[in-house]
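# Results of the structural survey
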Amino acid sequence: MNTLPPQAISQDVLAEKYLADGEQSEQDLFARVARALAAVEKPELQTHWEQQFLANLQRGAIGAGRIMAAAGLDTKATLINCFVQPVADATNGFDSQGNPGIYTALSQAAETMRRGGGVGYDFSNLRPRGALVRGTNSFASGPCSFIDVFDASCTTVESAGARRGAQMGVLRIDHPDVLEFITAKRQKGRWNNFNVSVGVSSAFMQAVRDDAEWELVHVASPSEAQIQAGAHRRDDGLWVYRSQPARTLWDAIMRSAYDFAEPGILFLDNINADNNLWYAEQIAATNPCGEQPLPPYGCCDLGPVILTRFVREPFTPQAFFDMEAFRAAVTVQVRMLDNVLDATVWPLPEQQREAQQKRRIGVGFTGLGDALILLGLRYASDEGLQQAESIARAMRDAAYAASVELAQEKGAFPLFNAKQYLKSGFAKRLPKELRAAIKKYGLRNSHLLSIAPTGTVSLAFADNASNGIEPAFSWTYTRKKRTADGGEQFYTVQDHAYRLYKALHGDEASLPECFVSALELSASEHVAMMRCVQPFIDTSISKTVNIPANYPFEDFKHLYMECWEVGLKGCATYRPNDTLGAVLSTDSAPNPSQALTDTAQTAINSSGAGGLTAVIERRPEGPLNAVVDKIEYFTHDGIRRLYLVVSFMVVDGVERPIEFFMPVGQTGESQQWITATMRSLSLAARGGFLDKALADLRKVAWDRGPVRYGSRTRDDGSRIPLWHDSEVALLAYAIQSIIANRGLPQPAPSTAATPTSPPESSVSVSGQKCPDCGAHAMIRKDGCQFCTACGFVGSCG
């Protein structure tokens, strides 16, 4: 085992996110989780399995964040990360299939998010805009209008752990309102609490290939006006609202994804053809991060195995991955996650019934990028892909063998049907001996594997190893931490593989070629890793394909087509560009909080954040000097915290920022905009237009704002808090402040974005925007314009 003393960032995240009251260490936490999950075993077996679970946690087979934070506590929070919930075409109550109407579904979703779960929905059942509503002799407003309602409700629901619940909205490609759905998030502030994906069929993809017409259909009856416009009924009973070329729709999806990072794509037929329970369910949606395609009320409890823990003799010619130890860890992990299904609090009885019928779990891994580096293998090289495939195959086979054994002891999942189960696309790829064992004994769990993003779990428990299946993003940076006396302390944060290499070979040793970061890989290399691993995962993989800003649009479209052709279940990309900021920006009057103090702005200019336009063709090899700041800000939901990393390099004698990074998993927000924003800024810095990119982001507004972060000193010496129109805007401001402080001879708290103590409420009185602090709190008081947030007095009379 590759043991190193813990990093400060790991200890901080562990304490902030996972340690319960009275717990002092990771071992205390492990003991709590092991005890809680062994408690559902037979009394005579509980001590044995508590010891086994504890040993396995110590080996690196951990639970996902909800399990580690809440198992064994009386918080009534769910231990399950992933949910999908149905929405029927009715206002309230339930339809004939038992699916909830819109407002019943909304109430169920609110309860799920309140308990800590993220939710995905397929809104395709909802009738199109303008369709006839016979009961009230009115016309439907369409699914997009009801997604607005779900989005607004999510904003008001604080989920367990003080996170706003994450949501995924899906609409099928044949729904008549799909074009409105595709373009909806281009509107400022719309669907901030949603990721969105289009559910695409193979028939549609073939129609795109053939340049054929595509019919937009629904079971609901159109209005008389829509019939007069050409709507007609097909032989199968569905109403065709209209037809248009498949390529027109495809180009609309691709253009939106290319320019706005959404929607994602779900290849529904690939998902269902590979589904082990193809005979018992139909999948039309996924959880918010996309690694779990799930049926109505479906859910999955997740647990990654830290791959770096199983690399022996790292960075030597004898380095190898200990498959035997890894398989043993996976075997115990299956039982522990199966027990989660009986130990957890369920937000809804429908979710509990669904889980007990199928007993889905999601054994996964994290740290793949770092594990390959420890083995001396470049990510996505032929050797790296072969090693990744071997790991995925071993995980699959060990998990399925363990579930067979567990079925012999505790019984197969109730919906198991050996003949039907073994016909699924995935089950057909299992080894012959496993298929024979499944046929004879059954399986405890319908699905067993999922590769999810690990975020703060990796920071807290894996020594900052690379996240999930992803390669590492950066190797080292310096973190700034505020001390109790108001000063600042700096310490180094390192990627696990980088840290171990330097410990073994010395700080002066050059990094070998196997050290390759996410930004240095091509789009095809990212896709190659998914193609390699996906055949061994019975659900899906959460992974982002990096697309450079100048990636040709035609190649971009071909990339998605290739993903479908090779059997992938979905695709999410990011292509850095400044369109997002331009679309979301407002034309309101300038806000003084959009400019730093003169001293700080001068520091930015001198440090290279503004005015330096030289293009950096390539990131230098090896580590960069960097700063990480712990950002604390205040929204109407309360205080929020995150880590923000800025890396620097010297160009022509001037230190310039070059890379930006925010570890995922720190908030309940959509991770896509976070990743896209940070990497867009990285490319903007290399392209010489970082100042413009940051300025554009400072203008971004949405309907959740304002948010409070930072302060400034007035001419009279008083300090006032600053307000920003969105979290995007405050991140840009925080980055500007980090750059400004980097350019000063020493830290200058008077110009830094240091938050003061939180107010009792975000803004005491709503009003117009204050020209001094940026809060929407200007009212008329005693004949004058007065800011209730900072006390600024404007015009009188």
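An unreviewed UniProt entry annotates the protein chain as Vitamin B12-dependent ribonucleotide reductase originating from Comamonas testosteroni. What UniProt records for the protein chain under Sequence similarities (unreviewed entry) is the sentence "Belongs to the ribonucleoside diphosphate reductase class-2 family." The Cofactor (unreviewed entry) comment attached to the protein chain in UniProt states, word for word, "adenosylcob(III)alamin".

## Regarding unusual backbone geometry
Phi is positive for Tyr297, close to 65 degrees, though the residue is something other than glycine. With phi around 60 degrees, Asn464 is a residue other than glycine that occupies positive phi space. You can see Asn464 is positioned in the loop between helix H18 (456–461) and strand S19 (476–482). Judged by relative accessible area, which is 13%, Asn464 ranks as buried.

## Quick word on the sheet that holds strand S18 (residues 361–366)
Spatially, the eight strands line up as an open sheet ordered S18-S15-S1-S2-S7-S8-S12-S22, and their pairing is mixed. Two strands close off the open sheet at either side, each with one partner strand: S18 and strand S22 (570–571). As judged from the three bridges shared by strand S1 (residues 82–84) and strand S2 (residues 118–122), these two strands associate in the parallel manner. Within S2, the residue paired with Cys82 across the bridge is Gly118.

## Describing the sheet that holds strand S10 (residues 232–233)
Sheet architecture is open: three strands sit in the order S9-S11-S10, paired in antiparallel fashion. In this open sheet, the two edge strands, each paired with only one partner strand, are strand S9 (213–218) and S10. Where helix H10 (residues 246–260) meets the sheet, it contacts S9 and strand S11 (239–245), and its direction lies at approximately 75 degrees from that of S11.

## Some points on the nonpolar core
With 113 residues, the main nonpolar core has Phe326, Leu368, Tyr400, Phe461, Phe515 and Val533 as its most contacted residues. It is helix H15 (residues 382–410) that contributes the most residues to this core, twelve residues altogether. There are two domains that each give this core at least three residues, and those are domain 1 (1–30 + 60–81 + 301–546) and domain 3 (612–742). The contact partners of Leu368, leaving out residues within four places of it in the chain, are Leu307, Tyr379, Ala388, Ile391, Ser466, Gly468, Ile469 and Met529. Cys144, Ala257, Val527 and Trp564 belong to the second-largest nonpolar core, a separate cluster that totals 56 residues.

## So, the packing of helix H3 (residues 46–59) against helix H12 (residues 323–343)
Where H3 meets H12, the closest approach of the two axes is 10 Å, and the angle between their N-to-C directions is 120 degrees. The pairing of H3 with H12 is recorded here as oblique in orientation. As H3 runs across H12, the sense of the crossing is left-handed. Contacts from Trp49, Gln52, Phe53, Asn56, Leu57 and Arg59 of H3 reach H12 at Ala329, Val332, Gln333, Arg335, Met336 and Asn339.

## Topic: the pairing of strand S28 (residues 719–724)
Burial runs high along S28: five of the six residues are buried. Taken together, the five bridges between strand S27 (residues 707–713) and S28 define a ladder with antiparallel strand orientation. Residue pairing for S28: Arg708 is matched across the bridge by Trp723.

## Considering the confidence of the model for the protein chain
Here the protein chain shows a mean pLDDT of 84. Residues at 70 or above account for 83%. For the stretch residues 579–611, pLDDT sits under 50, and the model shows 74 contacts to residues farther than four places along the chain or on other chains. A low-confidence stretch, residues 744–765 stays under pLDDT 50, and its non-local contacts, those more than four residues away or across chains, total 50 contacts.

## Some details on the packing of aromatic side chains
Evaluation of the coordinates by the stated rule reveals 28 aromatic pairs. Geometrically, the ring pair formed by Trp49 and Phe53 is tilted, given 5.8 Å between the ring centres and 35 degrees between the ring planes. Taken together, the residues Trp49 and Phe53, both in helix H3 and four residues apart, mark about one turn of the helix. Exposure remark for Trp49: the relative accessible area of 16% places this residue in the buried category. Members of the aromatic cluster, joined through ring pairs, are Tyr121, Phe123, Phe150 and Phe194. Stacked on the ring of Phe553, the Lys or Arg Arg255 has its end atom at 3.8 Å from the ring centre.

## With respect to the environment of Glu565
Residue placement: Glu565 occurs in helix H21 (residues 553–565). A relative accessible area of 41% places Glu565 in the partly exposed class. Through-space distance from the C-alpha of Glu565 to that of Met205 is 9.3 Å; in sequence the pair is 360 residues apart.

So, how was this worked out
Residues numbered from 1 in each chain as written. Predicted model: local features only at pLDDT ≥ 70, side-chain atom pairs only at ≥ 80, totals over all residues. Heavy atoms only, no water. UniProt positions renumbered as here; feature names shortened; annotations may be inferred. Helix = DSSP H or I, 4+ residues; strand = E, 2+ residues; numbered from the N terminus. Buried < 20%, exposed > 50% of the residue type's maximum accessible area, 1.4 Å probe, protein only. Pairing = 2+ DSSP bridges. Contact = heavy atoms within 4.5 Å. Axes fitted to C-alpha atoms, helices over the stretch in contact; angles between N-to-C directions. Core = buried A, V, L, I, M, F, W, Y, C linked by side-chain atoms within 4.5 Å. Domains from an automatic or database assignment. Parallel < 35°, antiparallel > 145°, perpendicular 65-115°, else oblique. Left-handed = near helix turned anticlockwise from the far one by under 90°. pLDDT = per-residue confidence, 0-100. Phe/Tyr/Trp six-rings, centres within 6.5 Å; stacked < 30°, edge-to-face > 60°. Lys NZ or Arg CZ within 6 Å of the ring centre and 35° of its normal.

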